[in-house]
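Reading the structure
If you want the building blocks of each chain, they are given just below.
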Amino acid sequence: MFDIRSSIINQKKYKVFYAIIPFLALFIALFIGGVLIFFAGINPWKAYNYMLQSIFGNIRLFSEVFTHFVPLVFCALSFAVAYKGGFFNVGGEGQLYFGALTATLAGVYIQGLPAFIHIPLVLLTGFIGGAFWCWIAGILKIKLGADEILNTIMLSYLAILLINFVVMYFLKPANSYISQSEKIAKSAYFPKLIPHTQINLGVILSLLTVIIIYYFLYRSPYGYQIRAIGENSDAANYAGMNILKGTMTVIIISGGLAGLAGASMLMGTQYRLTPAFSPGYGFEGIGAAVMARNNPWGIILTAFLFALLRVGAGAMQRGVGVPLPISWTIEGIIMILITGSEYLSNKFSTNLIGGRA
Amino acid sequence: MAHEIILSLKEITKTFPGVVANDHINLEIHKREIHSLLGENGAGKTTLMNILYGLYSPNSGEIVFNGKNVKINSPRDAISLGIGMIHQRFMLVPRFSVFENIILGQASEKPPLLEKKKLYKKIAKVAKKFNIKLDLDIPVENLSVGIQQKVEILKTLYQGADFLILDEPTSVLTPQEGQNLFKDLLALKEQGCTIIFISHKLKEVMQISDRITVLRDGRVIGTKEKFETNPQELSRLMVGREVSFTIKKKDCNPGKEVLSIQDVFMQNRKGLKILKNICLNIRAGEILGIAGVDGNGQKELADAICGLQKINSGNVKILDEEITESNPRKLYEQGLSYIPGDRKKYGLIPNFNIAENIVIKDYYLPPFTRGLFLNSAYIDNYSKKVIATYDIKTPSHLVQIKKLSGGNQQKVVLGRELSKYPKLLIIMQPTQGLDVGACEFVYNKLLEARDKGVAILLFSTDLDETMNLSDRIAVIYEGEIMGEVDPRSTDVGEIGLMMAGSKRKKANAIERG
Ligand SMILES: Nc1ncnc2c1ncn2[C@@H]1O[C@H](COP(=O)(O)OP(=O)(O)OP(=O)(O)O)[C@@H](O)[C@H]1O
Ligand SMILES: [Mg+2]
């Protein structure tokens, strides 16, 4: 009794609609951005042209995109995993910092190891640092019932202040005036994939992590359990799952991924810890995750888009004087449009295609 | 006598991916009638009503309301036409009072001001007109389900609706509450309301309706005047075959004791005693029915047996093993299966697909998991089998649960738990939301399990069901067992008195095999 034909057409229409959304959002955002640039007294055509040329015209600048891409992927995955498990981790930034701190300790004070041991070791300490910082938020939630949105964000600020302090008073070499740690050992540097660019081992690691997280969440029994807890913890409990253990696992993985973001920045591009270590990847990662609907594959795209915009914004500012806030606005508009279109497409699907909200 | 036609649906068609939910539906509703919709699970009743209420838009077809061709694009449009729908899940804010809930979301007449006194009077007037007795100041969370439903109805009336849609309103009510609802509905009809009523209980449909329309596979099979039809005919129209209303039961042949509960006490967080001095036992191959009005400790008792709630004292043994220190997963592995009453909340994950929901308890065990990963080939096959056996209507096993019809969602849970033969099965409200054919099927399944030696603890607020299925019946009232009776030698009256707490019977007059 199924009229398969008409329904397949419907489904196709639906898929196409879904796929178009991000591009539509991008175009609208660039258009509005263009208007703003125009009112700033700059020719938008020229500005965008310059942006494209400088990003794609030069491998060195293009490789810059990956400096942002790697930590963004890790941060977005961090948010997505937690979200799937029902934990709202908005403190990725702090966990990134804390992971960077522990990674710095392992990178600076452990010397003389071969790279193939030192690199995994520093990554691991970064993971543990981020996981530890997120674990605190988790304990506060589980033991005291404190809301994790507040917890994680507060701990984020605390971590940033703490790292400032630690760098200033403990990690700064005695003979230096600049507040920054020493460089980590060369053996902990990510090898470059293309010489003289920013494309290093971190790119491969971040993509690998996407694959691992995807298989973990969607193909493994443990990931199934985590998603079940995130979707309906009552039903998960009745089905015999251990909610506490599941949630704790999610918290540790999520924090650890943010910690890896910190470690990968340290080992791939920065090499030392500084007070303003991250330009907000932890927060931008949330945007990238939400925009990808917390889908690991989607995160590759959104993280790349955000990374492009970052480089583009820098280029437009340096080259034609477009103020950075305008570029941020473009990013903001994209996020709003995508989240808004989520709502619209839901409505679209209930009305024309079906799906109970 | 010519009836005034208030609503006519013309050639309404609605498809979902892989499903034609409504197939050229033509339906006329008379003014001031109570019109029932009957049909198997997944026949398209809810979909049709959602179209009428503006939640879905049809692929094609026309709606003529009060003689005018109308387009209903949202519930707002529906309300402004006077069409209101009472949802099964109430949309009330628990902390708010009845009054606050009713005015919630309504535009004020003088915007920044909310003229509370005036609104209060207006609501009281509506309530009086329709003879609905409600205290407007009580917080909704303190009200029983039946009264909350009343609040929903009053809210809808207050919004100006005189055409009401009630989709399975009685499935959440006790039989007594159901009768109260019917009184209210008849009063509404007197005052000029038109009502569309959906239920799977033929008794109710025969009691309340003026006319009855039967749907099957998305199509209208026929409309009957109540007085010219009977339950047999209706179920034949619905299912397309004879449905037997009597349950054939073999003699009970109990084996060894599977569950023994002794002196169980439980308090809730506020220190109120929820369970008092409960003693029960069940043997393999028998069904112990627990009769009682909903909310007398049934859920807590079942949860306690399954390790989901802690008891304060007493002990529960399954196959001679103390379970107090156990956990739900261990108990499941030992052969305990539990089907909670509120399946949407405790039994299903709406955003997961059918297959994922079917393996919710087994996913980590081989062969559902192989090595590090889920064995999706096996899971797919297994769930396809459950879908076929339980006649779950869906185009694929990968459809999200929330897209199934209400009854088919129920079937997923039943199919999941009944596909295995556990040692002890605890089942609450086995047939809620199921059509007559599915009820018959589930009854047979339960009896089959019993005959295979499963011990079954049955909780049902439907007394007929309890009487028909059980080998013994214990009556629970305010967390206490009022006594045990033999369903063959007792009647509804006696159990009714015990359920109301006014009669007590010494437990265990029945001899043990
Ligand atoms: N949002 C949806 N997406 C996909 N399919 C749907 C959706 N809503 C309903 N359906 C399908 O449409 C058919 C009719 O469903 P509907 O809910 O109207 O049945 P029903 O008559 O109310 O059944 P029940 O007695 O079980 O409540 C079912 O096969 C169902 O799976
Ligand atoms: Mg329905």
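Residues numbered from 1 in each chain as written. Chains lettered and ligands numbered in written order. Predicted model: local features only at pLDDT ≥ 70, side-chain atom pairs only at ≥ 80, totals over all residues. Heavy atoms only, no water.

As for the sheet that holds strand β7 (residues 163-167) of chain B
Residue and element names in this part refer to chain B. If you trace the 6 strands from one edge of the open sheet to the other, you get β6-β7-β8-β3-β9-β10, paired in mixed fashion. The open sheet is flanked by β6 (83-86) and β10 (219-225), the only strands paired with a single partner. With direction set aside, neighbouring strand axes in the sheet form an average angle of 20°. Examined bridge by bridge, β7 and strand β8 (residues 194-198) share 5 bridges and lie parallel to one another. The partner of I165 across the bridge, within β8, is I196. Contacts from helix α5 (residues 145-158) reach β6 and β7, with the element oriented near 170° to β6. (Pairing = 2+ DSSP bridges. Helix = DSSP H or I, 4+ residues; strand = E, 2+ residues; numbered from the N terminus. Axes fitted to C-alpha atoms, helices over the stretch in contact; angles between N-to-C directions. Contact = heavy atoms within 4.5 Å.)

Observations regarding the nonpolar core
I37, L96, I184, L257, M267, L273 and F277 of chain A are the most contacted members of the largest nonpolar core, which totals 93 residues. With 15 residues, helix α3 (residues 59-84) of chain A is the single largest residue contributor to this core. Once you skip the residues sitting within four places of it in the chain, L257 of chain A turns out to touch F74, L77, S78, V81, F127, T209 and I213 of chain A. In this structure, Y224 and I229 of chain A together with I339 and L418 of chain B belong to the second largest nonpolar core, which totals 48 residues. (Core = buried A, V, L, I, M, F, W, Y, C linked by side-chain atoms within 4.5 Å. Buried < 20%, exposed > 50% of the residue type's maximum accessible area, 1.4 Å probe, protein only.)

Quick notes on the site of ligand 1
Around ligand 1 lies a shell of 23 residues, among which G42, T46, T47, S405 and G407 of chain B are the nearest. Chains contributing residues to the immediate surroundings of ligand 1 are chains A and B. Take G42 of chain B: an N or O atom from its main chain is 2.8 Å from an oxygen atom of ligand 1. Here an oxygen atom of ligand 1 sits 2.7 Å away from a polar atom, N or O, in the main chain of G407 of chain B. (Near = heavy atom within 4 Å. Polar contact = N/O pair within 3.5 Å; in protein donor to acceptor, adjacent residues only side chain to side chain.)

Focus: the packing of aromatic side chains
Within this structure, the stated rule accounts for 34 aromatic pairs over all chains. Here the aromatic rings of F38 of chain A and F39 of chain A are separated by 5.5 Å at their centres, their planes lie at 75°, and the arrangement is edge-to-face. Among the residues examined, F39 of chain A registers a relative accessible area of 66% and is labelled exposed. Taking 5.1 Å as the distance between ring centres and 45° as the angle between the ring planes, the aromatic pair formed by F165 of chain A and Y169 of chain A counts as tilted. Taken together, the residues span about one helical turn, with F165 of chain A and Y169 of chain A both in helix α6 (residues 148-171) at a distance of 4 residues. Classification of F165 of chain A as partly exposed rests on a relative accessible area of 45%. The ring of Y364 of chain B carries the charged tip of R329 of chain B above its face, separated from the ring centre by 3.8 Å. (Phe/Tyr/Trp six-rings, centres within 6.5 Å; stacked < 30°, edge-to-face > 60°. Lys NZ or Arg CZ within 6 Å of the ring centre and 35° of its normal.)

Things to note about the pairing of strand β22 (residues 480-485) of chain B
Residue and element names in this part refer to chain B. Counting buried residues along β22, 5 of its 6 residues qualify, which places the element largely inside the surrounding structure. One ladder, built from 5 bridges, connects strand β21 (residues 472-477) with β22; its direction is antiparallel. Of the residues in β22, the one forming a bridge with I473 is V485. Hairpin geometry of β21 and β22 is characterised by an intervening segment of 2 residues between the two adjacent antiparallel strands and by a positive phi of about 45° at E478.

Some remarks on the side chain of Q148 of chain B
All names here are of chain B. Take Q148: it is sitting in helix α5. At 3.2 Å, the side chain of Q148 and the backbone oxygen of L143 are in polar contact. In contact with Q148, other than residues within four places in its own chain, are F90, L92, V140 and L143.

Section: the domain arrangement of chain B
Residue and element names in this part refer to chain B. Along its sequence, chain B is organised into domain 1 (5-239), domain 2 (253-335 + 422-513) and domain 3 (344-419). Computed over C-alpha atoms only, the centres of domain 2 and domain 3 are separated by 26 Å. Taken together, the contact between domain 2 and domain 3 spans 16 residues of the former and 14 residues of the latter. Roughly 1200 Å² is buried in total at the junction of domain 2 and domain 3, and carbon and sulfur atoms are behind 64% of that figure. For the side of domain 2 that touches domain 3, the secondary-structure elements that each account for two or more residues are α10 (328-333), β19 (424-428) and α15 (436-451). A per-element tally of the side of domain 2 that touches domain 3 places α15 first, with 5 residues. Tallied by class, residues from the side of domain 2 that touches domain 3 come to 10 nonpolar, 2 polar and 4 charged. (Domains from an automatic or database assignment. Buried area = accessible area lost by both parts, 1.4 Å probe. Nonpolar A, V, L, I, M, F, W, Y, C, P; charged D, E, K, R; others polar.)

Points about the interface of chain B and chain A
On the side of chain A, 33 residues touch chain B, which itself brings 45 residues to the contact. Of the roughly 3400 Å² buried at the junction of chain B and chain A (both faces included), carbon and sulfur atoms supply 57%. Sorting the residues of chain B by area buried against chain A places Y346, F352 and Y363 of chain B first, and these three jointly supply 15% of that buried surface. Here chain B and chain A share 1 salt bridge between them. E356 of chain B serves as the salt-bridge partner of R227 of chain A, at 3.2 Å between the closest nitrogen and oxygen. One can count 10 residue pairs in polar contact (both at pLDDT 80 or more) joining chain B with chain A. Put simply, the parts of the chain that give the side of chain B that touches chain A at least two residues each are β1 (5-16), β2 (19-30), α9 (298-305), α10, α11 (343-346) and β18 (373-374) of chain B. Looking at the side of chain B that touches chain A, its residues break down into 24 nonpolar, 8 polar and 13 charged. (Salt bridge = Lys/Arg side-chain N within 4 Å of Asp/Glu carboxyl O.)

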